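Listed here are the chains, written in short residue letters.
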Amino acid sequence: MIVSPTPENVDRAAGMLRDGELVSFPTETVYGLGADARNPDAVRRVFAAKRRPAEHPVIVHIADASVLPRWARSIPAGAKALAAAFWPGPLTLILPRASDVNDTVTGGGDSVGLRVPGHPVAQALLQRFFALGGDGVAAPSANRFGRISATTAQHVAEDFGEEIALILDGGACSHGIESTIVAFTDHEPAVLRLGAVPVENIAAVLGSAPRLPGAGAARAPGTHASHYAPHTPARLMASSEILRAVGRLGGPGAHIAVLAHSVAQPPTFEGAWFDAPAHNAAYAQELYANLRALDALAADEIWIETPPDGPEWSAVRDRLRRATHRG
Ligand code: TXA
Ligand code: MG
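Residues numbered from 1 in each chain as written. Chains lettered and ligands numbered in written order. Predicted model: local features only at pLDDT ≥ 70, side-chain atom pairs only at ≥ 80, totals over all residues. Heavy atoms only, no water.

A. Molecular detail of the sheet that holds strand β14 (residues 301–305). Spatially, the four strands line up as an open sheet ordered β11-β14-β12-β13, and their pairing is parallel. Strands with a single pairing partner mark the edges of an open sheet, and in this sheet they are β11 (234–237) and β13 (272–275). Between one strand axis and the next, the sheet turns through 20° on average, direction left out of account. As judged from the four bridges shared by strand β12 (residues 256–260) and β14, these two strands associate in the parallel manner. By the bridge assignment, Ile 256 is partnered in β14 with Glu 301. Those strands touched by helix α10 (residues 280–296) are β12, β13 and β14, and its axis lies near 175° from that of β12. (Pairing = 2+ DSSP bridges. Helix = DSSP H or I, 4+ residues; strand = E, 2+ residues; numbered from the N terminus. Axes fitted to C-alpha atoms, helices over the stretch in contact; angles between N-to-C directions. Contact = heavy atoms within 4.5 Å.)

So this is what it looks like as structure tokens:
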């Protein structure tokens, strides 16, 4: 059930978390599907609801950085600096786990992912849950495994229906793509997932460039080549390629849906044409909603105009590469 985040409903949600139930809540990146991170049965229910393999670790959401020592056995100086600079916010830190962190959260590994979200509803929920004695909320993105993340309460309801007893409605997420993940489990910091905090900003705080995804072995478990994928076959195409292909369609025939951001719809095109924002932040904010809406059209194919090359587009390019990956 979708409810507005009134103080009463936030209280109710915190009580449900304490009782081992699942609650979906908004963050500034995407919606999360939360469970008490100290309750292995509750965390297992999240995996079951998502149809996600059990060995994947899940991010623990905490109210503020002061509780980090309850979860991490060491906090390198670089991690402290990033937490100070970007929390509350769309950054996840991977740190060496404390000994009592349960394996459902870590996937059995030696590290734990932690994030202090900035969304006021997520903050209110965490504060309330902590007041009830909670330590952290384990929450992956609130979508079925491998599918498009949810950036509205309605998206969550579409994926899970009545399986999730409570969805706190915080409106559309302001960033629209997931947190940037930085791991401090090796001799040097490594970005495991590009996301809402630009890598340049992380490098500026660290004083040097972190390792990037794909460099060496750095990869978050569960960052598959295919992810965030619509059911409809989707591909990336340069604007010129889209125009040529539209020219070849000639009248009714293939049912095509296009996600463009710079090229205008040709007058002869009869399919669905979405004009995404030309600015990277606005584009990212609407990306998953656009992919979901395009997918719902049940077209034969989705053609996505290749995003620009600049570093500010790197997280969007990453998501679109995975969304259009075949095989
Ligand atoms: O923005 C976000 O990060 C959202 C919101 C809800 O906070 N959460 C999110 O969770 O994207 P999820 O589960 O969809 O993606 C988290 C990624 C997964 O690829 C997981 O494998 C990785 O983080 N991860 C979590 N804990 C980890 C750990 N200890 N070591 C390495 N990777 C980890
Ligand atoms: Mg996810």
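B. Examining the packing of helix α1 (residues 7–18) against helix α6 (residues 120–131) more closely. Running from N to C, α1 and α6 cross one another at 55°; their axes reach a closest spacing of 9 Å. Looking at the two axes, α1 sits oblique to α6. The two elements α1 and α6 cross, and the hand of that crossing is right-handed. In this structure, α1 uses Val 10, Asp 11, Ala 13, Ala 14, Leu 17 and Arg 18 to contact α6, whose residues at the interface are Ala 124, Leu 125, Arg 128 and Phe 129. For the contact of α1 with α6, the class distribution of residues is seven nonpolar, no polar and three charged. (Parallel < 35°, antiparallel > 145°, perpendicular 65-115°, else oblique. Left-handed = near helix turned anticlockwise from the far one by under 90°. Nonpolar A, V, L, I, M, F, W, Y, C, P; charged D, E, K, R; others polar.)

C. The sheet that holds strand β3 (residues 32–36), seen in detail. The strand order across the open sheet built from ten strands is β1-β8-β2-β3-β7-β4-β6-β5-β9-β10, with neighbouring strands paired in mixed fashion. Either end of the sheet is taken by a strand with one partner, and the two such strands are β1 (2–3) and β10 (190–193). Two strands pair when backbone bridges link them, and strand β4 (residues 60–61) and strand β6 (residues 111–115) are joined in this way by two bridges, in the parallel orientation. Each residue of the ladder has a partner; that of His 61, found in β6, is Arg 115. Here α1 sits on the sheet in contact with β1, β2 (23–25), β3, β7 (137–138) and β8 (166–168), set at roughly 130° to β8. Contacts from helix α2 (residues 40–50) reach β3 and β7, with the element oriented near 155° to β3.

D. Seen up close, the nonpolar core. Counting 75 residues, the largest nonpolar core has Ile 62, Leu 93 and Leu 114 as the members making the most contacts within it. In this structure, this core is formed jointly by two domains, domain 1 (2–206) and domain 2 (234–323), each of which donates at least three residues. (Core = buried A, V, L, I, M, F, W, Y, C linked by side-chain atoms within 4.5 Å. Buried < 20%, exposed > 50% of the residue type's maximum accessible area, 1.4 Å probe, protein only. Domains from an automatic or database assignment.)

E. Local environment of unusual backbone geometry. Each neighbour pair has its own omega, and for Trp 87 with Pro 88 the value is -10°, a cis peptide bond. Examined against the element boundaries, Pro 88 turns out to sit in the loop between α4 (77–86) and β5 (91–96). The backbone phi angle of Arg 51 is positive, close to 60°, even though this residue is not glycine. Among the secondary structure elements, Arg 51 is positioned in the loop between α2 and β4. A positive phi is found at Ala 298, a non-glycine position, where the angle reads about 50°. Examined against the element boundaries, Ala 298 turns out to sit in the loop between α10 and β14.

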